[in-house]
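Structural description and commentary
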Amino acid sequence: MNTHTAALMNTHTIDTNAPVISADAYDTTAFYTDAGAVPTVTNTTAPDAVALPSPGASTAQLLAAAQEAGRRSVPAPLAETALVARPLLRRAGLPVPDGPLSYTIAPELTIRYAHPAPSPVGSAGCLGDDNTLLVTGTLRRVPWARAATAVVVLATAPFGPVLFTLTPDQASLTPGANLAEEPRDDLHLATLEIPASHVRRISPELLDEARLRAALARSALIAGAAERCVDLTVAHTTARTQFGRPLSRFQAVKQEEARLIEETALVRTAVQAAAPLDPGGPAAHVVIAAAKTQASASAAEIARIAHQLHGAIGITQLNPLHLATTRLWSWRDEDGDETYWARRLARPLTATTLWPTLTTTP
Amino acid sequence: MSPSTLSPTPTLSPIAFPDVALPESARRLRAEVRAFADEERARGTVLGRPDSWLAGWDPGFSRRCAERGWVGMALPTEYGGAGRGFLDRYVVIEELLAAGAPVSAHWVSDRQAGPSILQHGTEEQRRFFLPRIAAGQCFFSIGMSEKNSGSDLASVATRAERTADGWRLTGTKMWTGGAHVNDYAIVLARTDDAEDKHAGLSQFIVDLRAPGVRIEPIRLMSGEHRFNAVHLEGVDVPDGMLLGERGSGWKQVTGELAFERSGPERYLSTFPLLVSLLRELEQRSATAEQLVQVGILTARLHSVRQLSLGVAAALDAGHSPDTQAALVKDLGTRLEGALVDTVRSILPTPADSHATPGSHPELLAFALLHSPGYTLRGGTNEILRGIITRGLEQH
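Residues numbered from 1 in each chain as written. Chains lettered and ligands numbered in written order. Predicted model: local features only at pLDDT ≥ 70, side-chain atom pairs only at ≥ 80, totals over all residues. Heavy atoms only, no water.

1. Comments concerning the overall build of chain B
Scanning chain B from N- to C-terminus turns up 13 helices and 8 strands. Here chain B has a C-alpha radius of gyration of 22 Å; the compact-globule value for 395 residues is 21 Å, and the two agree. By principal-axis analysis of the C-alpha atoms, chain B measures approximately 70 × 70 × 40 Å. Within the span of chain B, comprising 395 residues, buried residues form 57% of the whole. (Helix = DSSP H or I, 4+ residues; strand = E, 2+ residues; numbered from the N terminus. Rg over C-alpha atoms; globule rule 2.2 N^0.38 Å. Buried < 20%, exposed > 50% of the residue type's maximum accessible area, 1.4 Å probe, protein only.)

2. Remarks on the pattern of salt bridges
Scanning the entire structure with this criterion turns up 50 salt bridges over all chains. R111 of chain B is the salt-bridge partner of E265 of chain B, the closest N and O atoms lying 2.6 Å from each other. Of this pair, E265 of chain B sits in the loop between helix 8 (257–261) and helix 9 (271–282) while R111 of chain B sits in helix 5 (residues 104–120), and the two are 154 residues apart along the sequence. The residues E265 of chain B and R111 of chain B share a single accessibility class, namely buried. In the salt-bridge network here, residues are joined through shared partners; they are E80, E182, R184, R218, R327, E334 and D335 of chain A. (Salt bridge = Lys/Arg side-chain N within 4 Å of Asp/Glu carboxyl O.)

3. Notes on the domain arrangement of chain B
Residues and elements named next belong to chain B. Domains assigned within chain B are domain 1 (24–138), domain 2 (142–247) and domain 3 (261–394). For domain 2 and domain 3, the distance between their C-alpha centroids amounts to 30 Å. With 5 residues of domain 2 in contact, the opposing surface of domain 3 contributes 7 residues. Across the interface of domain 2 and domain 3, roughly 440 Å² is buried in total on both sides, 69% from carbon and sulfur atoms. Of all residues in domain 2, S151, M221 and E224 bury the most surface against domain 3, accounting for 77% of the area lost on that side. Run the count over domain 2 and domain 3 and you get 0 salt bridges. (Domains from an automatic or database assignment. Contact = heavy atoms within 4.5 Å. Buried area = accessible area lost by both parts, 1.4 Å probe.)

4. Thoughts on the sheet that holds strand 9 (residues 172–174) of chain A
Each strand in a sheet pairs with its neighbour through backbone hydrogen bonds, running either in the same direction (parallel) or in the opposite one (antiparallel). Residues and elements named next belong to chain A. With respect to topology, 4 strands assemble into an open sheet ordered 5-6-10-9, the strand pairing being antiparallel. In the strand order of this sheet, the two ends are held by strand 5 (109–113) and strand 9, each with one partner. Here the average twist between neighbouring strands, direction ignored, is 20 degrees. (Pairing = 2+ DSSP bridges. Axes fitted to C-alpha atoms, helices over the stretch in contact; angles between N-to-C directions.)

5. Looking at the UniProt feature "domain: Acyl-CoA dehydrogenase/oxidase N-terminal" (unreviewed entry) in chain B
Sequence positions flagged by UniProt for "domain: Acyl-CoA dehydrogenase/oxidase N-terminal" (unreviewed entry) are, in local numbering, residues 24–137 of chain B. Each end of residues 24–137 of chain B is marked by a C-alpha atom, and these two atoms are 30 Å apart; helix forms 66% of the span and strand 0%. (UniProt positions renumbered as here; feature names shortened; annotations may be inferred.)

6. Thoughts on the interface of chain A and chain B
Often, the extent of an interface is quoted as the loss of accessible area upon association of its parts. With 50 residues of chain A at the interface, the matching set in chain B holds 55 residues. Three residues stand out in chain A for area buried against chain B, namely E262, W355 and P362 of chain A, and they jointly supply 17% of the buried area on that side. For the interface between chain A and chain B, the tally reads 2 salt bridges. Linking R334 of chain B and E262 of chain A is a salt bridge whose minimum nitrogen-to-oxygen distance equals 2.6 Å. Joining chain A to chain B, the criterion identifies 12 residue pairs in polar contact (both at pLDDT 80 or more). Those elements giving two or more residues to the side of chain A that touches chain B turn out to be helix 4 (204–239), helix 5 (251–272), helix 6 (284–310), helix 8 (338–346) and helix 9 (354–358) of chain A. Residues that form the side of chain A that touches chain B fall into these classes: 25 nonpolar, 12 polar and 13 charged. (Polar contact = N/O pair within 3.5 Å; in protein donor to acceptor, adjacent residues only side chain to side chain. Nonpolar A, V, L, I, M, F, W, Y, C, P; charged D, E, K, R; others polar.)

As C-alpha cells, this is what we get:
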C-alpha cells in the first residue's frame with residue numbers, strides 16, 4: 001500500500017511535499033477537513049489553492065474542482081466523492097458520511113432480504129420486513145476503496161434497483177490499481193448484512209443518473225489531465241533547445257502542438273457543456289454521453305502527442321508527464337469507454353432527430 | 001529534473017472558450033427557422049445537399065430569407081438590418097446549413113460584405129449597400145486570393161493606380177466565388193509600394209458588370225462552375241468605392257477573420273451527408289459497430305459546435321478571439337472531411353455523381369468531390385495551426 005493512501009485511510013490527510021518524481025509522490029496535497037467534511041485541495045508548487053465547493057455547490061463548481069483535481073493528479077477520490085457519491089446519497093435520502101467516499105455501479109451481486117416478509121405479495125422474496133439485506137459477491141475495481149470512509153453501491157436486486165453503503169472493513173479487500181497506480185480494489189462480500197438504515201430501494205432513473213454522474217466526473221478528470229499534458233508540453237517545447245533553437249520554433253512541432261491543444265479544447269468544452277445541467281435532468285443524457293465519448297476518444301491522441309513532443313524524457317518517471325498520461329489511459333476506460341457511451345448516444349438517433357438532439361443545448 | 005527547474009505552469013487562456021447560454025430569443029428563432037426550412041423543403045428548394053453555402057445558389061430563396069429579416073440580420077435597423085445579435089444570426093445560419101439550404105447567393109454579403117461596410121464604409125456606402133444587402137437584392141463576392149497569393153495574402157499583386165477622380169484596377173483575382181452571378185466584389189489591391197508587405201493595401205468595392213471586368217470560369221473537380229478568375233483589365237473605380245482607409249486593407253481584412261473562420265459553416269458543410277446516412281441505416285437497422293461510429297462522430301460534432309458557439313459568444317461580447325477562431329476552423333474543417341470518410345466506412349457505398357439527385361450515393365459523391373476544399377478555403381489548416389501556437393506563445 002502506498003504511503004499516501006495509508007495516510008488517507010488513517011487520518012484522511014495527505015501531506016506530501018515531495019518533488020514530482022514518481023507515481024508515489026505528487027506535487028499536490030489533499031486535505032480532508034473534519035469540519036463539514038469539505039475536501040480542500042492545495043497545490044504546494046502553485047500559490048493558488050483550490051477549495052472544493054461546499055456540498056450545496058452547483059454542478060459547474062463541482063466540475064471545475066474535479067477538472068483541477070485531474071490536472072494536478074490529486075491522490076484522493078475528490079471527484080468520486082463530490083460529484084458522484086455525495087449527490088447519490090443525498091438523492092437516495094441517506095446520510096452523507098465525512099471523508100473520502102467511493103462508489104460502484106451495478107456489480108454482479110447476489111442480494112436478498114435478510115428478513116423476508118412472511119406473506120409475500122408478488123414473486124417470493126420481493127418484500128422484506130425491513131430493508132436489511134444479505135449481499136454476496138465481489139465489487140470489482142472500486143476506486144480508492146481502501147481509503148474510503150464508505151462505498152456507495154448501486155445494484156440490481158431481484159426486487160429492483162437498490163443503493164446501499166458499506167465500509168471497506170466490512171469486506172475482504174484485494175488491492176488493485178489502474179495504470180496510474182491509483183487504487184482500484186476488489187471488495188469481496190460474503191453474506192454481508194447491510195442494516196436497513198444503510199439501504200434504499202431506488203428508481204431505475206437514479207441508477208441511470210449514477211452512471212451519468214460517474215461518466216461526467218470521469219470526463220472532468222480527463223479534461224484536467226489533458227490540460228496538464230498541454231501545460232507540460234508547452235513548457236517543454238519552449239524550454240528545450242535543439243539545433244540551436246527552441247523546439248517550439250520548428251514547424252513540425254507547431255503542427256503537432258496545435259493538434260494537442262485542439263483536442264484538449266474539445267474535451268474541455270464537452271465537459272463545460274454539461275455544467276449548467278442537472279445530471280439527473282432530461283437534457284443531461286445527450287450532453288454527458290457526448291462528453292464521455294469525446295473525452296475517452298481523445299485520450300489516445302492527447303497522450304500520443306504529449307509524449308512525442310516530450311521526447312525520451314517523457315517515457316520516464318523523471319518527468320511528471322506520466323502522471324497525466326497514465327491517468328488518461330486509465331480514465332478513458334473507467335465509467336464507460338467511448339464504445340459504450342457512443343452506442344448510448346447514437347441508439348435513439350434518427351435522420352429527423354439528429355439535429356434537434358445536437359441543438360438541445362445550449 | 002528537480003521541481004525548481006520546472007517552468008511555471010502556462011495557462012490556457014488564449015484558447016479558453018467562454019460558456020454559452022443562448023438567449024431566449026434565439027430559441028424562439030430556432031423554431032421559426034426550422035419551420036421555414038420545412039416549408040421550403042416541401043416546395044423543393046431545400047434539398048439537404050452538402051456544402052450548400054458554396055454550391056446552393058438560389059436568389060429566390062435568399063430573398064425569402066431576407067423577407068423574414070434573416071439576411072444582414074445583425075446590421076442596425078437604420079440601415080435596413082434587423083438589429084439582432086450575433087448569436088441570433090448564429091442560430092439562423094446553423095439551422096439553414098444543417099438543413100442543407102441554398103444560402104450561397106447571400107452568403108458573402110451576409111457574412112463579410114455587410115459587416116465590413118458597416119464597420120469601414122462611408123456613410124454614403126452604408127446607406128446605399130446595407131439596405132440592399134438586407135433585402136437580398138445585392139450579392140457580393142470577395143476578391144482576395146490571386147494566383148500567387150493564397151494564405152500569404154500580403155503578396156497580392158493587383159494594383160490600383162490613382163486617376164483624376166478615382167482608381168484604375170489591374171490584376172487577376174482567383175477563386176472568386178459567384179463572381180459570374182453576383183453584383184459586386186470587395187477587391188484587395190496594392191495602392192502604395194511599401195517596405196512592409198502588409199502596408200499599402202486597400203479594399204475597393206468593384207461593380208462586377210463594370211467595363212474592363214472579364215470573368216473566366218474555374219471549374220471544380222465535379223465540373224461545377226462556382227469559382228472564377230476575375231480579370232481586372234483597367235477597371236475604373238470611383239473614389240467613393242474605396243472601402244475604409246487607403247493603406248489599411250490588411251488590417252481591415254485580418255480583422256474580419258474571426259467572423260469568417262469560426263462559424264457553423266466550418267463544421268457543418270458535410271452534416272447533411274450524416275443525416276442521409278441515418279436515413280439509410282433506418283431502413284436496415286444499424287449494427288452495434290455502426291452505432292458506435294455514428295456516436296463518436298456525433299460526440300465530435302457536439303464538441304466542435306460548443307467551441308464554435310464559444311467563439312460566437314466571445315464575438316458577441318466584443319472580443320476578437322482570433323486564436324480560438326483558428327482552432328475551431330482547423331478542427332471543424334478536418335471534421336467535415338473526416339465525416340465523409342467515416343460515413344463511407346459506416347455504410348460502404350460506391351459514390352456516384354450520376355445517381356438520382358439527393359440519393360445517398362449522389363450526395364456522397366458530391367461531398368467527396370468537394371472535400372479537398374474544406375481545409376483550404378479561408379486559410380489552410382497548416383497556417384491556422386501556426387496561428388494557434390503563436391497565440392499561446394504571445395500569452
